Amino acid sequence: MIFRQLFDQTSGTYSYLLASRPGGEALIIDPVLEKVDRYLQLVKELDLRLVKAVDTHLHADHITGLGALRDRTHCITVMGEQTKADVVSMRLGEGDKLTIEGLALDVVYTPGHTDDSYSFVMPDRVFTGDTLLIRGTGRTDFQNGDPRQQYESIFGRLLKLPDATLVYPAHDYKGDTVSTIGEERAYNPRLQVKSVDEYVDLMNNLKLPNPKMMDVAVPANMKVGLAQEEIARRGWTLSAGEALALLGKPDIALIDLRERRTRAARHHPGLAARALPDVAGEHPFSGGMLHELGKSTSKRLLFYCAFGERSAMAVQAAQDAGLTAACHIEDLDGWKKASGPLAR
Ligand SMILES: [Fe+2]
């Protein structure tokens, strides 16, 4: 496995680059905007292809690199399903897997620091975000934080991992880089409590100042969505009503870009929608897939997805590949409002 721990000195943030092999797919956890050039340089030097950029939670102390990485690599942006961010391409929930070629991380919901905090577990290590830090725990006094939930996330979930599991947090301000579950259970001062109430008391009396960047970072991180206006300005975006008028026309191929889980759980515009096998939910905008699609049909491609971001990326990629008639449906909410046909 290729594994790199990267540090942003200004915010004390650790970001993690993972891949299973040189030449293969990579993902990055908790990237920082100011470091995006550095990450992409490293991705290139290691001969990797960045396909997913993931935030463990909505950060208050730095601006996420998710949007910039997506704009520059077409990677998929990923956060938990509780996120307040406007648009991410993939939303994960408890029990899901975060996958790239050759790697699968277990997705564990660990709220408490924020209500959208997740940890990602591999056989030998865990990425704990700000839920569990080295000899500390993430503050619980804003962003819907809850010390009671955090106690459960730490004691009920993370400390149940084997003692030797390596702990890689999203931050450290002392220069420590890694710990283990056993070490934290024994020596983390916040975890030396006898009850959940004692932990709640401890967390409620920390009296910490707000992070310096908070007023800037939180609003910025809630608005990471692709610059969809540009795609719309070029006439590549159809409203639900416009799409509805095209449905059933013989020269339209409707392409469902939603990940499998969403597809199975929710209604879709139905009719001739064609899901993309296998690549759906992974990285549908590269590897010749769109080219193949373009060759396989003479129809106009009409993409749609759950939030309108993935489909906007597909349109951009299709247009780049010379499929100049490709367009996408703005979003599915609008579809329902326009009384578009729905099918299970
Ligand atoms: Fe945080």
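In what follows, the structure referred to is the one given above.
Caption draft 1: Structural context of the coordination of the iron ion. Distances from the iron ion to its protein donors, H57 (NE2), H113 (NE2) and D130 (OD), fall at 2.1 to 2.3 Å. Spacing between the donor residues of the iron ion along the chain follows H-x55-H-x16-D. With H113 in the loop between β8 (103-109) and β9 (118-121) and D130 in the loop between β10 (125-129) and β11 (132-133), the pair connects residues that are 17 residues apart, well separated along the chain. Since its relative accessible area comes to 6%, H113 is described here as buried. The exposure class assigned to D130 is buried, which follows from its relative accessible area of 6%.

Caption draft 2: Main features of unusual backbone geometry. In this model, D47 sits at a positive phi of 60°, which is unusual for a non-glycine residue. Here H74, not a glycine, exhibits a phi torsion of approximately 65°, which is positive. Mapped onto the fold, H74 is located in the loop between α2 (66-73) and β5 (76-80). On the basis of relative accessibility, which here comes to 22%, the residue H74 falls in the partly exposed class.

Caption draft 3: Main features of the packing of aromatic side chains. Scanning all chains against the criterion turns up 11 aromatic pairs. Cluster of aromatic residues (ring-pair linked, three or more members): F3, F7, Y14, Y16, F127 and Y168. Over the ring of F3 we find R125, and its NZ or CZ is 4.5 Å from the ring centre.

Caption draft 4: View of the nonpolar core. Ranked by internal contacts, the top residues of the largest apolar core, which has 27 residues, are L17, I28, Y39, L48, L50 and L69. The leading source of residues in this core is helix α1 (residues 36-45), at five residues. Those residues within four positions of Y39 in sequence are excluded, and the remaining contacts are L6, S15, I28, P31, V32 and L69.

Caption draft 5: Molecular detail of the packing of helix α3 (residues 147-157) against helix α5 (residues 196-204). Here α3 crosses α5 at 125°, and the two axes come no closer than 9 Å. Comparing the axis directions of α3 and α5 gives the class oblique. The crossing of α3 and α5 is right-handed. Between α3, through P147, R148, Q150, Y151 and I154, and α5, the contact on the second element is made entirely by V196, D197, Y199, V200, M203 and N204.

Caption draft 6: A look at the sheet that holds β9. Here we have six strands laid out as an open sheet, ordered β7-β8-β9-β10-β13-β14, and mixed in their pairing. Strand pairing shows two members of the sheet lacking a second neighbour, β7 (97-100) and β14 (179-180), which therefore form its edges. In this structure, β7 lies alongside β8, joined through four bridges in antiparallel fashion. Paired with I100 across the two strands is L103, which belongs to β8.

Caption draft 7: Examining α2 more closely. Of all the residues in α2, the buried ones are L66, G67, L69 and R70. Each buried residue of α2 lies within a common arc of 165° when the element is viewed along its axis, so the set occupies one face. On its buried face, α2 is in contact with β3 (25-29), α1, β4 (49-54), β5 and α11 (309-320). A positive phi of about 65° marks H74, the residue just after α2.

Caption draft 8: A look at the pairing of β5. Among the five residues in β5, five count as buried, and that is most of the element. Sheet topology note: the β4/β5 ladder contains three bridges and is parallel. Paired with A53 across the two strands is T77, which belongs to β5. With respect to chirality, the unit in which β4 leads through α2 into the neighbouring parallel β5 is right-handed. Bridge analysis of β5 against strand β6 (residues 90-92) gives three bridges, and the strand direction is parallel. Residue pairing in the sheet places M79 in a bridge with R91 of β6.

Caption draft 9: How the structure looks around the pattern of salt bridges. Evaluated as defined, the whole model comprises 15 salt bridges. Between R135 and E184 there is a salt bridge, with its nearest N and O atoms 2.4 Å apart. Separated by 49 residues along the polypeptide, R135 in the loop between β11 and β12 (136-137) and E184 in helix α4 (residues 181-187) bring together distant segments of the chain. Overall, the relative accessible area of 29% leaves R135 in the partly exposed class. With a shortest N-O distance of 2.5 Å, D163 and R185 are connected by a salt bridge. Pair noted here: D163 is in the loop between α3 and β13 (166-169) and R185 is in helix α4, with a separation of 22 residues, a long-range link.

Reading guide: rules and limits
- Residues numbered from 1 in each chain as written.
- Predicted model: local features only at pLDDT ≥ 70, side-chain atom pairs only at ≥ 80, totals over all residues.
- Heavy atoms only, no water.
- Donors = N, O, S within 2.8 Å, 3.2 Å for Na, K, Ca; no water.
- Helix = DSSP H or I, 4+ residues; strand = E, 2+ residues; numbered from the N terminus.
- Buried < 20%, exposed > 50% of the residue type's maximum accessible area, 1.4 Å probe, protein only.
- Phe/Tyr/Trp six-rings, centres within 6.5 Å; stacked < 30°, edge-to-face > 60°.
- Lys NZ or Arg CZ within 6 Å of the ring centre and 35° of its normal.
- Core = buried A, V, L, I, M, F, W, Y, C linked by side-chain atoms within 4.5 Å.
- Contact = heavy atoms within 4.5 Å.
- Axes fitted to C-alpha atoms, helices over the stretch in contact; angles between N-to-C directions.
- Parallel < 35°, antiparallel > 145°, perpendicular 65-115°, else oblique.
- Left-handed = near helix turned anticlockwise from the far one by under 90°.
- Pairing = 2+ DSSP bridges.
- Arc of directions from axis to C-beta.
- Right-handed = clockwise from strand over helix to strand, strands pointing away.
- Salt bridge = Lys/Arg side-chain N within 4 Å of Asp/Glu carboxyl O.

Any functional reading would require information beyond the geometric quantities listed.
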